[in-house]
Amino acid sequence: MALGKNYERQDCSFARALELLGERWTLLLVRDAFYGVRRYADFLAHLDIPRAVLAERLRTLTEAGVLSRHRYSDSPPRDEYLLTDRGRELWSVFYPLVQWGERHLSTAGPRRLFAHAACDELLDPTGACRRCGRLAPPEEVEVRPGPGDQSDLRDDPVTEALRRPHRLLEPLL
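Residues numbered from 1 in each chain as written. Predicted model: local features only at pLDDT ≥ 70, side-chain atom pairs only at ≥ 80, totals over all residues. Heavy atoms only, no water.

- With an unreviewed UniProt entry as reference, the chain is termed Helix-turn-helix transcriptional regulator, source organism Plantactinospora alkalitolerans.

## Describing the nonpolar core
Most often, soluble globular proteins have nonpolar side chains that are buried together.
Move 1: In this structure, Phe34, Phe43, Trp91, Phe114 and Leu123 are the most contacted members of the largest nonpolar core, which totals 38 residues.
Move 2: Within the residue set of this core, elements represented by two or more residues are helix H2 (24–35), helix H3 (40–47), helix H4 (51–63), strand E2 (77–83), helix H6 (91–105), strand E5 (141–145) and helix H7 (157–161).
Move 3: If we ignore the near neighbours within four places in the chain, the residues touching Phe114 are Tyr35, Trp91, Tyr95, Val98, Gln99, Leu122, Leu123, Val141, Glu142 and Val143. (Core = buried A, V, L, I, M, F, W, Y, C linked by side-chain atoms within 4.5 Å. Buried < 20%, exposed > 50% of the residue type's maximum accessible area, 1.4 Å probe, protein only. Helix = DSSP H or I, 4+ residues; strand = E, 2+ residues; numbered from the N terminus. Contact = heavy atoms within 4.5 Å.)

## Considering the packing of H2 against H4
Move 1: Packing of H2 against H4 brings their axes to within 10 Å, and their N-to-C directions diverge by 70°. Classified by the interaxial angle, the pair formed by H2 and H4 is roughly perpendicular. Here H2 runs over H4; the crossing is right-handed. Contacts between H2 and H4 pair Trp25, Thr26, Leu29 and Val30 from the former with Val53, Leu54, Arg57, Leu58 and Leu61 from the latter.
Move 2: Of the residues contributing to the contact of H2 with H4, the split by class is seven nonpolar, one polar and one charged. (Axes fitted to C-alpha atoms, helices over the stretch in contact; angles between N-to-C directions. Parallel < 35°, antiparallel > 145°, perpendicular 65-115°, else oblique. Left-handed = near helix turned anticlockwise from the far one by under 90°. Nonpolar A, V, L, I, M, F, W, Y, C, P; charged D, E, K, R; others polar.)

## Comments concerning the pattern of salt bridges
Move 1: For the coordinates displayed, the defined rule picks out 16 salt bridges.
Move 2: In this structure, Glu80 engages Arg38 in a salt bridge whose closest nitrogen and oxygen atoms are separated by 4.0 Å. Pair noted here: Glu80 is in strand E2 and Arg38 is in the loop between H2 and H3, with a separation of 42 residues, a long-range link.
Move 3: Take Arg38: its relative accessible area is 19%, and that puts it in the buried class. (Salt bridge = Lys/Arg side-chain N within 4 Å of Asp/Glu carboxyl O.)

## Topic: the UniProt feature "domain: HTH hxlR-type" (unreviewed entry) in the chain
Move 1: UniProt's entry tags residues 12–109 with the feature "domain: HTH hxlR-type" (unreviewed entry), counted in the numbering of this structure.
Move 2: Its end C-alpha atoms 36 Å apart, residues 12–109 is made of 62% helix and 15% strand. (UniProt positions renumbered as here; feature names shortened; annotations may be inferred.)

## Quick word on H6
Because an α-helix packs 3.6 residues into every turn, residues spaced three or four apart end up facing the same way.
Move 1: Given a rise of 1.5 Å per residue, 15 residues ought to cover 21 Å, and the 20 Å separating the end C-alpha atoms of H6 matches this to within 8%.
Move 2: The set of residues buried in H6 consists of Trp91, Phe94, Tyr95, Val98, Gln99, Gly101 and Glu102. What you see down the axis of H6 is that its buried residues fit within an arc of 160°, all on one side. In H6, the exposed positions that point more than 90 degrees away from the buried face belong to Ser92, Val93, Arg103 and Leu105.
Move 3: In this fold, the buried residues of H6 make contact with H2, helix H5 (85–88), strand E3 (112–116) and E5. (Expected span 1.5 Å × (residues − 1). Arc of directions from axis to C-beta.)

## Points about the pairing of E3
Move 1: With four of five residues buried, E3 lies mostly within the body of the structure.
Move 2: When E3 meets E5, the two strands line up antiparallel, connected through five bridges. Its bridge partner lying in E5, Phe114 is registered against Val143.
Move 3: Relative to strand E4 (residues 121–122), E3 runs antiparallel, the two being bridged by two bridges. Each bridged residue has a counterpart across the sheet, and for Ala115 the counterpart in E4 is Leu122. (Pairing = 2+ DSSP bridges.)

Okay, structure coming up:
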């Protein structure tokens with residue numbers, strides 16, 4: 001029996017969230033948006049995503065209120081995409097998933113380290129600062145290359161920029 005294409009008959013908030021966010025390109029777009037990627041061309045270069053898929057995922061995330069679209073150039077028309085408040089709420093899902101992946105799927109150690117910028121201290125696996133104990137919201141988090149970083153496998157501008165410490169949500173390029 002073939003799997004259905006959606007969860008519309010499921011009376012479950014998890015299924016609804018999965019319908020919106022459960023496709024791999026979607027989660028990678030959200031990840032890059034947290035890292036500060038904002039422009040179509042930068043998402044395209046960093047993710048190696050087909051153009052049609054990128055356009056559709058950006059449209060879906062914008063319509064769902066996860067991203068907002070802002071015009072930064074009128075001639076030619078160009079837009080950038082930023083996480084909305086709704087999108088930034090996904091930090092509490094995104095960060096633990098990254099930590100799980102680092103613990104169980106990264107044999108060389110963590111690829112990225114996350115620190116509370118105000119205290120210059122790494123976050124614990126729950127997202128709390130190890131110094132002040134506060135759960136750090138994404139706008140207060142700095143991402144840094146970790147000991148398992150393998151960014152030398154790629155040479156796109158986003159990967160190059162992520163080789164340096166960077167505050168989440170701030171424009172990467």
